[in-house]
Amino acid sequence: MSTSSTESSATGDLVVLATQPFVAETPLARQTENLTPNTRFFIRNHFGVPTLDPGAWRLTIGGEVSRPRTLTLADLRALPARTFDATVECAGNGRSFLPPPTEGNPFGYGAVSAASWTGVSLRDVLGADPFTGSARDVLFVGADHGFEKNVGSDISFQRSLPVEVALHPDTLLVFEMNGQPLPVEHGAPVRLLVPGWYGVASVKWLVEIRALDHPFEGYFQKQRYIIPNEGAAPTPVRERGVRAIIIHPNADEIMPAGKVEVSGLAWSGNQPVARVELSVDGGRSWTSTDLEAASSPYAWQRWHMTWHADRPGDYTLQVRATDTAGRTQPEQARWNLLGYSNNGIQSVSVQVR
Ligand SMILES: Nc1nc2c(c(=O)[nH]1)N[C@H]1C(S)=C(S)[C@@H](COP(=O)(O)O)O[C@H]1N2
Ligand SMILES: [Mo]
């Protein structure tokens, strides 16, 4: 286990929230490219970073599968590779703006980044008729582990997917990020990518896939990454909510009267964003911005608009995204114990002088 190399290589580009485990977000002002450079990509670890030798790495496939086996990196690379862009967002992104404060890392709006991912479809890895008739849930096990005080023992990072999500052609086992070998802090040598879901589903340092004959009930599945409901089963954190953020201008910026280029990013879960609207009067009126086309259904999109800020004063800028499935952002997200899925509309105050 070592986290020191991660810290020294990442701190220049990231805002570090915690070092043990390492958690860091991308500063908003540095979300300047359509794809986030690897050194600027946010990091969310629950344990220390395991160092896995790619040559010695093995992926065990077992449980309720037709053909239990062990694969090498060369076995994965022999399958047809797929590359597409996808945003990854932590379910805790924007948590610090959810009043009152909740448990968890106090993320601003930077626990989100986008990359071009290369890997193989898990479906191709598993092959035809992969599961026995008893398979109900597919478990993914990371090599990272540690003492979890809420459990009282040493546990590894484990998450499951419904069979149909595991078999979706866009669910990948990834070994390259932005055309480079997957960096160690992002799960090298191989991570899972569930492209439209909150980041927690995309298990890093993947070492085992096990089909279960029952729903997985592990800590990160049932105690965390859930939204409690009064008198009903909790809602698991799954597909990302739709959201837009303002990158320019900065919060509390003081600007001379005249033309202001307002710009930012917008994304959803399994489909692109259809519309981003801007309000400069605290949400009373909204105007459509210019929205760039999505490079993939899972990738964020840039939007921009010229605001004629001719009259001096204090302004509240807000943006609201709507996706191609018709989902839009709530004015304020529902408060929940662990502060997940806050896709409430962002407000940025600026002064025109
Ligand atoms: N093995 C493992 N996988 C993991 C995690 C982890 O701690 N261990 N964190 C998850 C969470 S909560 C998020 S948001 C994403 C973050 O991916 P990144 O660090 O590459 O940005 O990884 C997910 N996969
Ligand atoms: Mo996360």
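Worth saying up front: this structure is predicted, and the values here are computed from it rather than measured.

## Some thoughts on the overall build of the chain
(1) Moving on: Of regular secondary structure, the chain possesses five helices and 24 strands.
(2) Moving on: Here the chain has a C-alpha radius of gyration of 21 Å; the compact-globule value for 353 residues is 20 Å, and the two agree.
(3) Moving on: Seen along its three principal axes, the alpha-carbon backbone of the chain occupies a region of about 70 × 45 × 40 Å.
(4) Moving on: Taken over 353 residues, the chain has a buried fraction of 54%.
(5) Moving on: In the chain, the share of contacts with a sequence separation of at least 24, taken over all contacts with a separation of at least 6, comes to 71%.
(6) Moving on: Entry remark: accessible area of the chain is about 14,800 Å², with carbon and sulfur atoms responsible for 51%.
(7) Moving on: With 30 positive and 36 negative side-chain charges, the chain shows a separation of 2 Å between the mean positions of the two kinds.

## Notes on the site of ligand 1
(1) Moving on: Near ligand 1 you find 18 residues, and of these Phe42, His46, Asp144, His186 and Lys204 are the closest.
(2) Moving on: Arg44 has a polar backbone atom sitting 3.0 Å from an oxygen atom of ligand 1.
(3) Moving on: Isolated, ligand 1 exposes 520 Å² of accessible area, and the fraction of that covered by the protein chains is 100%.
(4) Moving on: Using a 2 Å cut-off from the grid points, one finds that ligand 1 occupies the largest cavity.
(5) Moving on: Counted by class, the shell around ligand 1 contains nine nonpolar, five polar and four charged residues.

## Quick notes on the nonpolar core
(1) Moving on: Counting residues in each nonpolar core, the largest one holds 43 residues, and the members touching the most others are Leu76, Phe140, Leu161, Leu173 and Ile209.
(2) Moving on: For Leu173, the residues in contact, after removing those within four places along its chain, are Leu59, Leu76, Gly119, Val120, Leu122, Val125, Val190, Arg191, Leu192, Leu206 and Ile209.
(3) Moving on: Ranked by size, the runner-up nonpolar core spans 21 residues in total, among them Val260, Val273, Val276 and Ala321.

## A short note on the sheet that holds strand β22 (residues 301-309)
(1) Moving on: Read from one edge of the open sheet, four strands run β16-β18-β22-β21, paired in antiparallel fashion. The strands lining the two open edges of the sheet, one partner per strand, are β16 (243-248) and β21 (290-291).
(2) Moving on: Where strand β18 (residues 258-267) lies against β22, nine bridges are found, and the strand directions are antiparallel. If you follow Ser263 over to β22, its bridge partner there is His304.

## Thoughts on the domain arrangement of the chain
(1) Moving on: Split by domain assignment, the chain resolves into domain 1 (2-236) and domain 2 (243-352).
(2) Moving on: If you average the C-alpha positions of domain 1 and of domain 2, the two centres end up 28 Å apart.
(3) Moving on: Carbon and sulfur atoms supply 55% of the area buried between domain 1 and domain 2, which totals about 3,000 Å² over both sides.
(4) Moving on: In terms of surface lost to domain 2, no three residues of domain 1 exceed Leu98, Tyr109 and Ile227, which account for 19% of the buried area on that side.
(5) Moving on: The tally of links from domain 1 across to domain 2 stands at one salt bridge.
(6) Moving on: Across the pair Glu89 and Arg243 runs a salt bridge, and its minimum N-O distance is 2.8 Å.
(7) Moving on: Run the count over domain 1 and domain 2 and you get 20 residue pairs in polar contact (both at pLDDT 80 or more).
(8) Moving on: Looking at the side of domain 1 that touches domain 2 element by element, the count peaks at five residues for strand β6 (residues 82-89).
(9) Moving on: Here the side of domain 1 that touches domain 2 is composed, by residue class, of 20 nonpolar, 14 polar and seven charged.

## Examining the layout of surface pockets
(1) Moving on: Roughly 450 Å³ of volume is contained in the largest pocket.
(2) Moving on: Taken together, 23 residues form the lining of the largest pocket, with Arg44, His46, Glu148, Tyr219 and Arg224 sitting closest to its centre.
(3) Moving on: Counted by class, the lining of the largest pocket contains eleven nonpolar, six polar and six charged residues.

## A look at the pairing of strand β19 (residues 273-279)
(1) Moving on: Across the seven residues of β19, five count as buried, placing the element largely inside the fold.
(2) Moving on: Direction of pairing for β19 relative to strand β20 (residues 287-288): antiparallel, over a ladder of two bridges. Bridge pairing links Leu278 to Thr287 in β20.

## Things to note about empty space enclosed by the protein
(1) Moving on: Tallied over the entire structure, the rule returns one cavity of 30 Å³ or more.
(2) Moving on: Computed from the structure, the largest cavity encloses a volume of approximately 240 Å³.
(3) Moving on: Considering the residues around the largest cavity, the lining is formed by 18 residues, among which Arg44, Arg191, Gly199, Ser202 and Lys204 are closest to the centre.
(4) Moving on: Per-class residue counts for the lining of the largest cavity are nine nonpolar, five polar and four charged.

## Concerning the side chain of Arg243
(1) Moving on: Counting through the fold element by element, Arg243 comes out in strand β16.
(2) Moving on: In contact with Arg243, not counting residues within four places along its chain, are Glu89, Asn93, Gly94, Tyr109, Leu265, Ala266, Trp267, Ala321, Gln329, Asn342 and Asn343.

Quick notes on the rules
Residues numbered from 1 in each chain as written. Chains lettered and ligands numbered in written order. Predicted model: local features only at pLDDT ≥ 70, side-chain atom pairs only at ≥ 80, totals over all residues. Heavy atoms only, no water. Helix = DSSP H or I, 4+ residues; strand = E, 2+ residues; numbered from the N terminus. Rg over C-alpha atoms; globule rule 2.2 N^0.38 Å. Buried < 20%, exposed > 50% of the residue type's maximum accessible area, 1.4 Å probe, protein only. Contact = heavy atoms within 4.5 Å. Areas by Shrake-Rupley, 256 points an atom, 1.4 Å probe, with all protein chains shown as cover. Lys, Arg positive; Asp, Glu negative; His and termini not counted. Charge placed at Lys NZ, Arg CZ, Asp CG, Glu CD. Near = heavy atom within 4 Å. Polar contact = N/O pair within 3.5 Å; in protein donor to acceptor, adjacent residues only side chain to side chain. 1 Å grid on protein atoms, 1.4 Å probe; cavity = no way out; pocket = protein on both sides within 12 Å on 5 of 7 lines; lining within 4 Å. Sits in = over half its atoms within 2 Å of the grid points. Nonpolar A, V, L, I, M, F, W, Y, C, P; charged D, E, K, R; others polar. Core = buried A, V, L, I, M, F, W, Y, C linked by side-chain atoms within 4.5 Å. Pairing = 2+ DSSP bridges. Domains from an automatic or database assignment. Buried area = accessible area lost by both parts, 1.4 Å probe. Salt bridge = Lys/Arg side-chain N within 4 Å of Asp/Glu carboxyl O. Points joined across faces, edges and corners; volume = space filled by probe spheres on them.

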